[in-house]
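Fold and geometry: a report
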Amino acid sequence: MTRINFNQVSLGLVLGFAAFALFSLSDASAKVIKGALPPFETAFFGAVFGLVILPFLQRRGDRWTAVFETPRTSLWLLRFFAYPIGVMGSVTAFTHLSMAEAFVLMFLQPTYVTVMSVLFLKERVGLRRWAAVALGLLGVVIALHPGFRALSMGHLGAVLAGLGGAVSVVTFRAADPREKKVSLFGAGVLGGIVICFVAMLPHYRTPDGEELLLLASYGLLAALANLVLMRATELAPAAWVGPTQYSQMIWAIVLGYLLFGDRIDAPTLIGVALIIGSGILTLHRERVRAAPLPPAIAASTPHVGATMLPKNGGGTMPDRPAARIRQQSDAPEQLGT
């Protein structure tokens, strides 16, 4: 059995937690705007600032036109449209909901991915993964306790954010192994710029200085977070870094309380715990099955977890250290998948 470099892996996990702290601060920047700008406009500026990560995804010799190069145009177009839907949904959710409540619905993304994988990728899903789906749905029902609070556009936005991210994940899994990472990521960013630009035109308002700073914080913090996450997955297996995304829920509760005075009741905390458990169980089952892990939940918010995509394109998630770190638990289990 190959020796594990625990110092390297530990640093990767620390960077994973740091990346999702930055993602949460990015989300908080969008929420501070508090709907002063149309969601489409906020999403547009977020996508524009997100362009700064593209040079880090290019391989030596890649031209800028590589963003448009794809063996499967239909999947490229799906990512082109799915990303702006997720972005606009997430901005709407953060505008109308507390950060924790928005993430309650966004963190159903692994559930959506499981269902879509069965329907469109014909994956065989066993009892344990369906149990994770049921656990996540139960968590949402408990956290939102419908009937005791009114549902709003914010809730719809959070659902669309999760669905947009899930569509991106499924298209990442179905992508041709020859497709370049810059194309996988660039399709969504270009979609965010083009579609959000068109959508914002009827209600466009030029941001003032403070709003422009918040928009820059919103986009650039997300880009920085992706770079930190990229480094994290170079040091530690993506299967180990993936669960650190659930620290976003803790950040949502903390930042929501400190910055916006949000208070969390007991049912919401119970629901959050169940949703986190559901997501971690799903990630564990994906790792055991050696299936491509989905990008971070950040993919369903104003950011794309492109840094957890394959190094050269579709097919498998990067697990470079994992190629050297084979765990006994990687063997398929007998019951379910």
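Up top is the structure these notes are about.
Heads up: these notes are all about the structure in this document.

Conventions adopted
- Residues numbered from 1 in each chain as written.
- Predicted model: local features only at pLDDT ≥ 70, side-chain atom pairs only at ≥ 80, totals over all residues.
- Heavy atoms only, no water.
- Helix = DSSP H or I, 4+ residues; strand = E, 2+ residues; numbered from the N terminus.
- Buried < 20%, exposed > 50% of the residue type's maximum accessible area, 1.4 Å probe, protein only.
- Areas by Shrake-Rupley, 256 points an atom, 1.4 Å probe, with all protein chains shown as cover.
- Phe/Tyr/Trp six-rings, centres within 6.5 Å; stacked < 30°, edge-to-face > 60°.
- Lys NZ or Arg CZ within 6 Å of the ring centre and 35° of its normal.
- Expected span 1.5 Å × (residues − 1).
- Axes fitted to C-alpha atoms, helices over the stretch in contact; angles between N-to-C directions.
- Parallel < 35°, antiparallel > 145°, perpendicular 65-115°, else oblique.
- Left-handed = near helix turned anticlockwise from the far one by under 90°.
- Contact = heavy atoms within 4.5 Å.
- Salt bridge = Lys/Arg side-chain N within 4 Å of Asp/Glu carboxyl O.
- Nonpolar A, V, L, I, M, F, W, Y, C, P; charged D, E, K, R; others polar.

Looking only at helices and strands, the protein chain has 13 helices and zero strands in total. Ordered by position in the sequence, the α and β elements of the protein chain form the string α-α-α-α-α-α-α-α-α-α-α-α-α. Within the protein chain, the proportion of its 337 residues that are buried is 56%. Of the roughly 14,300 Å² of accessible surface on the protein chain, a fraction of 68% belongs to carbon and sulfur atoms.

A positive phi angle is found at lysine 122, which is not glycine, with a value near 60°. Relative to the assigned elements, lysine 122 resides in the loop between α6 (109-120) and α7 (127-144). For lysine 122, a relative accessible area of 66% corresponds to the exposed category.

Moving on, we come to the packing of aromatic side chains. In this structure the tally under the stated criterion is nine aromatic pairs. Ring centres 5.4 Å apart and planes at 75° place the aromatic pair phenylalanine 44 and phenylalanine 45 in the edge-to-face group. For the residue pair phenylalanine 44 and phenylalanine 45, the accessibility class agrees, reading buried in each case. Through a chain of ring-to-ring contacts, the aromatic side chains of Phe68, Trp76, Phe80 and Phe81 assemble into a single cluster. Of note, lysine 31 hangs over the ring of phenylalanine 260, and the distance from its end group to the ring centre comes to 5.2 Å.

Its location among the elements puts valine 87 in helix α4 (residues 73-96). What makes valine 87 buried here is its relative accessible area of 2%. In this structure, the C-alpha to C-alpha distance between valine 87 and glycine 162, residues 75 residues apart in sequence, is 9.7 Å.

For the α-helix, the turn length of 3.6 residues means that residues three or four positions removed from each other point alike. The first and last C-alpha atoms of helix α9 (residues 181-200) sit 28 Å apart over 20 residues, in line with the 28 Å expected at 1.5 Å per residue. Extensive coverage of α9 is indicated by the burial of 14 of its 20 residues.

Next up on the list: the packing of α4 against helix α8 (residues 153-174). Look at α4 against α8: their axes get within 7 Å of each other, and the N-to-C directions meet at 155°. In terms of axis orientation, α4 runs roughly antiparallel to α8. For the pair α4 and α8, the sense of crossing is left-handed. Contacts between α4 and α8 involve Leu75, Leu78, Arg79, Ala82, Tyr83, Ile85, Gly86, Gly89, Ser90, Thr92, Ala93 and His96 from the former and Met153, Gly154, Gly157, Ala158, Leu160, Ala161, Gly164, Val167, Ser168, Thr171, Phe172 and Ala174 from the latter.

Our next topic: the pattern of salt bridges. Evaluation of the coordinates by the stated rule reveals nine salt bridges. Residues arginine 79 and glutamate 179 are paired through a salt bridge, measuring 2.8 Å at the closest nitrogen-oxygen approach. Here arginine 79, found in helix α4, pairs with glutamate 179, found in the loop between α8 and α9; they are 100 residues apart in sequence, far enough to count as distant. You can call arginine 79 buried: its relative accessible area is 1%. A residue is classified by how much of its surface remains accessible, and glutamate 179, at 1% relative accessible area, is buried. Taken together, the salt bridges that share partners define one network made up of Asp62, Arg63, Glu69 and Lys180.

At their nearest, the axes of α6 and α8 sit 8 Å apart, and the two run at 50° to each other. Overall, the two elements α6 and α8 adopt an arrangement that is oblique. Between α6 and α8 lies a crossing of right-handed hand. Between α6 and α8, the residues in contact are Gln109, Tyr112, Val113, Met116 and Ser117 and Val159, Gly162, Leu163, Gly165, Ala166, Val167, Val169, Val170 and Arg173, respectively. Here the contact of α6 with α8 is composed, by residue class, of nine nonpolar, four polar and one charged.

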